[in-house]
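The chain contents come next:
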Amino acid sequence: MSPTGMPVQAIMEARSPADKRMLSAAIVDEGTPESMEWNRYVLASKDASGYHLLGWRRVIEESFGHHTCYVAAKDHTGRIRGVLPLVMLASRLFGKFLVSVPFLNYGGVVADDHETVSCLINEAIAQAKRHGARHIEIRNQQSCPVGLPLSQRKVSMRLDLPREFELLWKQFPSKLRSQIRRAQKENMVVRFGGDECLDDFYTVFARCMRDLGTPVYSKRFFGTICRQFPKESRICVVSFEGRPVAAGFLYGFRSVLEIPWAASDKRFNRLAPNMLLYSSILEHACREGFHVFDFGRSTPDTGTYRFKEQWGARPEQLHWYYWMAHGEAIPQLNPHNPKYEMAIKVWRRLPLVVANWLGPQIVKFLP
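Residues numbered from 1 in each chain as written. Predicted model: local features only at pLDDT ≥ 70, side-chain atom pairs only at ≥ 80, totals over all residues. Heavy atoms only, no water.

Enquirer: How should the side chain of arginine 158 be read in this particular structure?
Expert: With respect to the helices and strands, arginine 158 occurs in strand β8 (residues 155–160). A distance of 3.3 Å separates the side chain of arginine 158 from the side chain of aspartate 294, its partner in a polar contact. The residues contacting arginine 158, other than those within four sequence positions of it, are Tyr106, Gln141, Val256, Val292, Phe293, Asp294, Gly312, Ala313, Arg314 and Glu316. (Helix = DSSP H or I, 4+ residues; strand = E, 2+ residues; numbered from the N terminus. Polar contact = N/O pair within 3.5 Å; in protein donor to acceptor, adjacent residues only side chain to side chain. Contact = heavy atoms within 4.5 Å.)

In structure tokens:
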């Protein structure tokens, strides 16, 4: 329901014919004037994330082959007043559904006003019905009057950064500082780079995902990100005796540096390479002038939530909205769903070469 108590669709139908002509929904294609205006709108909007940029559409299409549907709402002058990127995932195992945006932490509706939100949501529903999708998942950072069922099980963990890393270091708990020093005493090597660090990153990441019982993304996915966003993406690798033991993939947008993907080799946990990884990245973020470090999304009171919390990160509520074609309960396509418990246990026992081959063929359908 909307703040007026009326469903979004009812609001649109209640408007006069003249009002309806004020806003129209359009599908934006690559290489068109609208595509350039789309990015200009995103860059000018305080509510947009870097994942709203059209470059991420190319990343998803090239890496996974999914159909994308990028919806813009335009006023009577043709000016874009809101955007909603949508990606169609379709498989026999998980069904067909639209997500804004899968595989990434953020996406959702960005719009100038409530009327524009309604225009975008109605077009998303129309696209879902046209393609036979069973549901839509809209990953908003901000609360939005979309009039749809809401899930608030996820938060974003963020840390305000001082100008000098030394000030941040003093705020760390003594136990955390001692863990970082533990890794430093082992003479581990930390380096930052671009796609030249991709092989080392993926070596650690793929093993970590297998150990967690989670299908891994293809290396091609990360390589495509590096090519599409060479200035915004960075890789940090921590090595011990010439072997990569922890790594993180970074993405910077405006004043925020985010770590969407990070991993460490559990065989070296006693040496705390993961602590050195995050400490080095935070120092890098301060040095590069970022104001906020985004540890990514978490479920409150889980292990990853507490890990991020110890660095001083604070939760910011995320707002995920759902449209269900047949009024079902909100889907739970996540590793915390008990129905996937056995599959996770089996996956952890797979040989690494098998997990790395099979994982990308499965994870492409998991948002």
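Enquirer: I keep staring at the sheet that holds strand β13 (residues 292–298) and nothing clicks. Help me out?
Expert: Strand pairs in the sheet, formed through backbone hydrogen bonds, run parallel or antiparallel to each other. Read across the open sheet, the 7 strands follow the order β9-β10-β11-β12-β13-β8-β14; overall the sheet is mixed. Every interior strand has two partners, whereas the edge strands, β9 (189–193) and β14 (314–317), have only one. For this sheet, the mean inter-axis angle between neighbouring strands, taken without regard to orientation, is 30°. Pairing analysis gives 5 bridges linking β9 to strand β10 (residues 233–240), with the strands arranged antiparallel. Looking at the pairing, glycine 193 lines up with isoleucine 235 of β10. (Pairing = 2+ DSSP bridges. Axes fitted to C-alpha atoms, helices over the stretch in contact; angles between N-to-C directions.)

Enquirer: Explain the packing of helix α8 (residues 198–212) against helix α12 (residues 341–348) here, please?
Expert: For any two helices packed against each other, one specifies the crossing angle of their axes together with the interaxial distance. Contact geometry of α8 with α12 gives a least axis separation of 6 Å together with a crossing angle of 135°. Relative to α12, the element α8 lies oblique. Here α8 contributes Arg210, Asp211 and Leu212 to the contact with α12, which in turn contributes Ile344, Trp347 and Arg348. (Parallel < 35°, antiparallel > 145°, perpendicular 65-115°, else oblique.)

Enquirer: Quick question: what am I supposed to make of the packing of helix α4 (residues 55–64) against helix α9 (residues 219–228) here?
Expert: Close contact between α4 and α9 brings their axes to 9 Å; oriented N to C, the two are set at 150°. By the angle between their axes, α4 is roughly antiparallel relative to α9. Here α4 and α9 pass one another in a crossing that is right-handed. Across the interface between the two elements, Gly55, Trp56, Arg58, Val59, Glu62, Ser63 and Phe64 of α4 pack against Arg220, Phe221, Thr224, Ile225, Arg227 and Gln228 of α9. When the residues that make up the contact of α4 with α9 are grouped by side-chain class, the tally is 5 nonpolar, 4 polar and 4 charged. (Left-handed = near helix turned anticlockwise from the far one by under 90°. Nonpolar A, V, L, I, M, F, W, Y, C, P; charged D, E, K, R; others polar.)

Enquirer: Please clarify how the side chain of glutamate 258 should be interpreted in this entry.
Expert: Within the secondary structure layout, glutamate 258 lies in strand β12 (residues 256–264). The side chain of glutamate 258 sits in the buried core without any salt bridge; arginine 158 is the nearest counter-charge, 6.4 Å away. Polar contacts involving the side chain of glutamate 258 include one to the side chain of asparagine 105, which spans 2.6 Å. (Buried < 20%, exposed > 50% of the residue type's maximum accessible area, 1.4 Å probe, protein only. Lys, Arg positive; Asp, Glu negative; His and termini not counted. Salt bridge = Lys/Arg side-chain N within 4 Å of Asp/Glu carboxyl O.)

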